[in-house]
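Below are the chains, spelled out letter by letter.
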Amino acid sequence: MEKTMKKLSDTLNKQVANFSVLYMKLHHYHWYVQGENFFTLHVKFEELYTEAALHLDTIAERLLAVGGSPTATLKEHLELASIEEASDSSSAWKTSAQDMVQDLVNDFDTICTELTEGITAAEDQDDQPTADMFTAIRTSLEKHKWMLKAYLG
């Protein structure tokens, strides 16, 4: 695989890993959120993990379409991801709703930065469909990030 194609494939795979970790983290937060904003955040986290699953599938299928191989094990995802999984369930009840939301803002920021790098890598490869895909995902995450920051005040 030529150097620029390898960079693009690695970029796509990093996002497969990120969205796999994000999907599980959002489920974790959905299950363990508590407090006065439970009803609001419980529903929001479900909306976000549903969207994360769609992004994960879209990215993995794009990687296959350009001749790459998406990582497909939790071990690989945890090793490759730029974001970290949620705390284990034994301490989950100690994580405040505010901390959950702030963690997601940070994760979305990290992923958006990497998607921007992915757009450049795709354009360097003259791969406009991948660049467009990354742009659409980044646009969605930036909107969610803005809304979550507004929630935090």
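Residues numbered from 1 in each chain as written. Predicted model: local features only at pLDDT ≥ 70, side-chain atom pairs only at ≥ 80, totals over all residues. Heavy atoms only, no water.

Caption draft 1: Here's a closer look at the packing of aromatic side chains. Under the counting rule described, the total for this entry stands at three aromatic pairs. Here the aromatic rings of Y23 and Y49 are separated by 5.9 Å at their centres, their planes lie at 85 degrees, and the arrangement is edge-to-face. Separated by 26 residues along the polypeptide, Y23 in helix α1 (residues 3-32) and Y49 in helix α2 (residues 38-65) bring together distant segments of the chain. Judged by its relative accessible area of 27%, Y23 falls in the partly exposed class. (Phe/Tyr/Trp six-rings, centres within 6.5 Å; stacked < 30°, edge-to-face > 60°. Helix = DSSP H or I, 4+ residues; strand = E, 2+ residues; numbered from the N terminus. Buried < 20%, exposed > 50% of the residue type's maximum accessible area, 1.4 Å probe, protein only.)

Caption draft 2: Layout of the nonpolar core. Counting 41 residues, the largest nonpolar core has F19, L22, L26, F45, L104 and L141 as the members making the most contacts within it. Listed by contribution, the elements that provide at least two residues to this core are α1, α2, α4 (97-124) and α5 (128-152). Apart from residues no more than four positions distant in its own chain, L22 is found in contact with A52, I83, L104, D107, F108 and I111. (Core = buried A, V, L, I, M, F, W, Y, C linked by side-chain atoms within 4.5 Å. Contact = heavy atoms within 4.5 Å.)

Caption draft 3: Representation of the pattern of salt bridges within the structure. Throughout the structure, instances matching the rule amount to seven salt bridges. Across the salt bridge formed by K6 and D10, the nearest N and O atoms sit 3.0 Å from each other. With K6 and D10 both in helix α1 and four residues apart, this pair spans about one turn of that helix. Salt-bridge contacts for R62 lead to D127; the nearest nitrogen and oxygen are separated by 2.7 Å. Of this pair, R62 sits in helix α2 while D127 sits in the loop between α4 and α5, placing them 65 residues apart in sequence. For D127, a relative accessible area of 8% puts it in the buried group. (Salt bridge = Lys/Arg side-chain N within 4 Å of Asp/Glu carboxyl O.)

So yeah, pure geometry; function would need other evidence.
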